[in-house]
Amino acid sequence: MKNLFLLLCISLVSMTTALADETTGFSFNWAKTIDSNSSDSPRTLNFSSDGNILALANFGSTSDTEVRFDGTAIGDGAPYEGSSANNNVLFAKITPDGELLWKVISNWGDFSAANSSFAPTADGGAIIVMKMRHTNRDAAGNGILLALNDATGNAIELKWEKPADLWAYQGVMARIDGDGKVLWTKLISVDTSAQPAATSESAKLGTTDGADFKTISVDEDGNIYLGVSLRKTVTFSSSTGDNVDIEPTNTANWNGSSTSDAGNMCIVKLDSEGNYVDHFMPEGNTGVESIHGMRIDGNNIYFVATATSPESGNGNLTIGSTSLALTEFDDIVLGSINTDMEPNWAVCYPAYGCIEDQKHTTQVKNLNLIDGYLYVTGAVKGGFGNDNSGENFTTVGKSLEGFIIKADAENGNWIAGAAHGAGISGYFSTIKAGNDIYAYGYTLSQAVYVRRFLSETASLEEPIDLVTGGGALTAWDAIADTENIYSFSRCNSNESSFLGSDFTTTTTGWGAILSSFALPSSSVGDIAAGNDAQFRAIGGNNEIIVSLAVPADIKVYNLSGICVADINASAGTTSIPVAQGFYIVNGVKVLVR
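Residues numbered from 1 in each chain as written. Predicted model: local features only at pLDDT ≥ 70, side-chain atom pairs only at ≥ 80, totals over all residues. Heavy atoms only, no water.

**Q** Before we move on, can you summarise the overall build of the chain with the specific residues and values?
**A** Across its full length, the chain holds two helices and 51 strands. Compactness check: the chain gives a C-alpha radius of gyration of 23 Å against a globular reference of 25 Å for 593 residues, within 12% of the reference. Counting only C-alpha atoms, the chain reaches 75 × 60 × 55 Å along its principal axes. Looking at the chain as a whole, 60% of its 593 residues qualify as buried. For the chain, the share of sequence-separated contacts (at least 6 apart) that also reach a separation of at least 24 residues comes to 60%. (Helix = DSSP H or I, 4+ residues; strand = E, 2+ residues; numbered from the N terminus. Rg over C-alpha atoms; globule rule 2.2 N^0.38 Å. Buried < 20%, exposed > 50% of the residue type's maximum accessible area, 1.4 Å probe, protein only. Contact = heavy atoms within 4.5 Å.)

And the structure:
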């Protein structure tokens, strides 16, 4: 709960003057574009531990390799002479008022952004996991899987000799500190051998797409938790240099094609240097399992996955002592394990077909943890129930529609869920504004928006459009603090407009937009007002000094959302020893030097 609680409690630096929209109470702050002369795409956002914004995106490059932030050139990707483009990594740190502090850019290697992610670290940096393959099938013959230019001017290369005739993906982790320096990179080896059941001539040569890396988290001790969907054996190295293989169990009949489904989910625990420690993988009889999101709260790791029954039927997924029955569709599996990789609980939300043709599709986009509740968002054709007695909501037509589900983080019990209602749409995040919960998403070619979610009635209010225009506009991610929402969306050439503002942006083709909107004034919590005659918290030298008029419970969180102190303090002055950095003390932001 702490990560999301923290993000909703941090009072960041003052924002630029907002342009108010009297109808909604939300107001526009600023917007910045990420744009090349090829195809670009946002991936995900998070807050850094020092109160800034971290953004992961992809930008395309051809013979024209330049990428721009807010119209200014900031670097170059890999040159590419093929019929499409090379996909490059852009990882950036940005202030709450939209200033680019630093960036890390790849200039070699082809990046699968949709199957990559990052997690903030305690030093203001991050650990990134990337799904990579060589640029242009390694036509240059240099063997470079990934080359990064970091914010300090260093050039970092990681090489992998690919098998002949294969253009195969591997996993790569990169540790970046708070100043944008790449501290280390590590290869995650993915088996490329051909499947015995391979049918196509290309698949008989070998397997090119054996794993996805969609989610990653870091705990208070710096340990890394990597969510992997594996179709082939994935190999990690331990601190002693030994290799540890993690093998899928349900791929004997898989034909090796990336367009067919197979594989298992697992969560891999690594130390702060990326060395293997342990892993968790469910058992059972499944057709395919995929992990889509994780959140950490102290010693608890929450995850969301999808799983289907095999074609033979009688599918089940076993997590600890819990066996979950599966349908033929993509059921949602929600669960919790501890940081020792021991299961706490697991539930299955069975999938149901849509009304029109009784078929189903699930796309899980995000898992958020807010005030003790888990929120699953995504897109669905069909619906879900909390058991096999019937659906709690479903779509009518065949189009994918955004959905949101709220569950109890203590046990996974379903509380409420709803679908968008009409039109091709998707929900990509859940945010809190004051006491209100909003689903963040889009309706294709119409708007990126937030919709207030009412769990008491399992319903959604009308959308509040944040971004409109922009060609085939889509949402990708959003985060919120106590004052602002930050939206990461995609547009295509056409002019994009912003709520309550005359400001517009335009990209060359497919581009990314990072934009900020102030919350309604009634939604902004009275957090700073705690610093009055009753309560005061100030930062000292490696300590937080709390002054109280009456006894009170004091909770101190670092900017990774970890509770570092929870005490019952007496009236008077109390000293709480902590390391240097920013902290949230009963909702008040404090700097300790």
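Once you've had a look at it, read on.
**Q** Run through the pairing of strand 18 (residues 243-246), naming residues and quoting values.
**A** Taking every second residue as pointing to the same face, the buried face of strand 18 carries Val-244 and Ile-246, while none of Asn-243 and Asp-245 on the other face is buried. When strand 17 (residues 234-237) meets strand 18, the two strands line up antiparallel, connected through four bridges. By the bridge assignment for strand 18, Val-234 is matched with Ile-246. Adjacent in sequence and paired antiparallel, strand 17 and strand 18 are bridged by five residues, among which Gly-241 carries a positive phi angle near 90 degrees. (Pairing = 2+ DSSP bridges.)

**Q** Kindly report on the layout of surface pockets, identifying the contributing residues and their values.
**A** Each pocket or cavity is described by its volume, and for the second largest pocket that value is around 540 Å³. Around the second largest pocket, the lining is made up of 20 residues, and of these Asp-261, Gly-287, Val-288, Pro-310 and Glu-311 lie nearest the centre. Residues belonging to the lining of the second largest pocket are distributed by class as follows: five nonpolar, 12 polar and three charged. (1 Å grid on protein atoms, 1.4 Å probe; cavity = no way out; pocket = protein on both sides within 12 Å on 5 of 7 lines; lining within 4 Å. Points joined across faces, edges and corners; volume = space filled by probe spheres on them. Nonpolar A, V, L, I, M, F, W, Y, C, P; charged D, E, K, R; others polar.)

**Q** Explain the sheet that holds strand 23 (residues 300-308) to me, using residue names and the numbers behind them.
**A** What links the strands of a sheet is backbone hydrogen bonding, and the strands pair in either a parallel or an antiparallel sense. Spatially, the four strands line up as an open sheet ordered 22-23-26-27, and their pairing is antiparallel. Across the chains shown, the open sheet's two edge strands, defined by having one partner strand only, are strand 22 (288-297) and strand 27 (343-349). Neighbour to neighbour, the strand axes of the sheet diverge by 15 degrees on average, direction disregarded. Pairing of strand 22 with strand 23 involves nine bridges; the strand directions are antiparallel. Within strand 23, the residue paired with Gly-293 across the bridge is Val-304. (Axes fitted to C-alpha atoms, helices over the stretch in contact; angles between N-to-C directions.)

**Q** Before we move on, could you go through the sheet that holds strand 28 (residues 351-352) and cite the residues and values that matter?
**A** Spatially, 28-31-32 is the arrangement adopted by the three strands of the open sheet, whose pairing is antiparallel. A strand with exactly one partner marks an edge of an open sheet, and here the two such strands are strand 28 and strand 32 (393-394). Here two bridges tie strand 28 to strand 31 (residues 383-384), and the two strands are oriented antiparallel to one another. Looking across to strand 31, one finds that Ala-351 is bridged to Phe-384.

**Q** Describe the packing of aromatic side chains, with residues and values.
**A** One pass over the structure, following the stated rule, counts 19 aromatic pairs. Arranged with centres 6.3 Å apart and planes meeting at 45 degrees, the rings of Phe-280 and Phe-303 form a pair that is tilted. On the criterion of sequence distance, the pair formed by Phe-280 in strand 20 (residues 276-280) and Phe-303 in strand 23 is long-range, its members being 23 residues apart. For Phe-280, a relative accessible area of 7% corresponds to the buried category. In this structure an aromatic cluster arises from ring pairing among Tyr-349, Phe-384, Phe-393, Phe-403 and Trp-414. Stacked on the ring of Tyr-169, the Lys or Arg Lys-131 has its end atom at 4.9 Å from the ring centre. The cationic tip of Arg-133 hangs over the ring face of Trp-167; the distance from NZ or CZ to the ring centre is 3.5 Å. (Phe/Tyr/Trp six-rings, centres within 6.5 Å; stacked < 30°, edge-to-face > 60°. Lys NZ or Arg CZ within 6 Å of the ring centre and 35° of its normal.)

**Q** Let's hear about the pairing of strand 4 (residues 53-61): which residues, and what values?
**A** A large share of strand 4 lies buried, amounting to nine of its nine residues. Side chains of strand 4 alternate between two faces, with Ile-53, Ala-55, Ala-57, Phe-59 and Ser-61 and Leu-54, Leu-56, Asn-58 and Gly-60 buried alike. In this sheet, strand 4 lies alongside strand 3 (residues 41-47) in antiparallel orientation, the contact comprising six bridges. Considered in strand 4, the bridge of Phe-47 is made with Ile-53.

**Q** Tell me what's going on with the nonpolar core, and back it up with residues and numbers.
**A** Nonpolar side chains in soluble globular proteins generally cluster together in the buried interior. If you look at the biggest cluster of nonpolar residues, it comprises 25 residues, and the most contacted ones within it are Phe-26 and Val-450. Secondary structure elements with two or more residues in this core: strand 2 (27-36), strand 35 (425-433), strand 36 (436-443), strand 37 (447-454), strand 39 (464-469), strand 40 (474-480), strand 41 (484-492) and strand 44 (510-518). Counting 24 residues, the second largest nonpolar core, distinct from the first, contains Leu-148, Leu-158, Ala-168 and Ile-176. (Core = buried A, V, L, I, M, F, W, Y, C linked by side-chain atoms within 4.5 Å.)

**Q** Could you give an account of the side chain of Ser-489, with specific residues and numbers?
**A** By the secondary structure assignment, Ser-489 is in strand 41. Once you skip the residues sitting within four places of it in the chain, Ser-489 turns out to touch Pro-42, Tyr-440, Val-448, Val-467, Thr-474, Ala-475, Trp-476, Gly-511, Ala-512 and Ile-513.

**Q** Could you give an account of the environment of Leu-54, with specific residues and numbers?
**A** As for its position among the elements, Leu-54 is in strand 4. Judged by its relative accessible area of 0%, Leu-54 is buried.

**Q** Could you give an account of the side chain of Asp-35, naming the residues involved and the relevant values?
**A** Turning to its location among the elements, Asp-35 is positioned in strand 2. Overall, the relative accessible area of 6% leaves Asp-35 in the buried class. For Asp-35, the side chain forms a polar contact with the main-chain nitrogen of Thr-508, separated by 3.0 Å. Ignoring any residue separated from it by four or fewer positions in sequence, one finds Asp-35 in contact with Asp-40, Glu-66, Val-67, Arg-68, Thr-507, Thr-508 and Gly-509. (Polar contact = N/O pair within 3.5 Å; in protein donor to acceptor, adjacent residues only side chain to side chain.)

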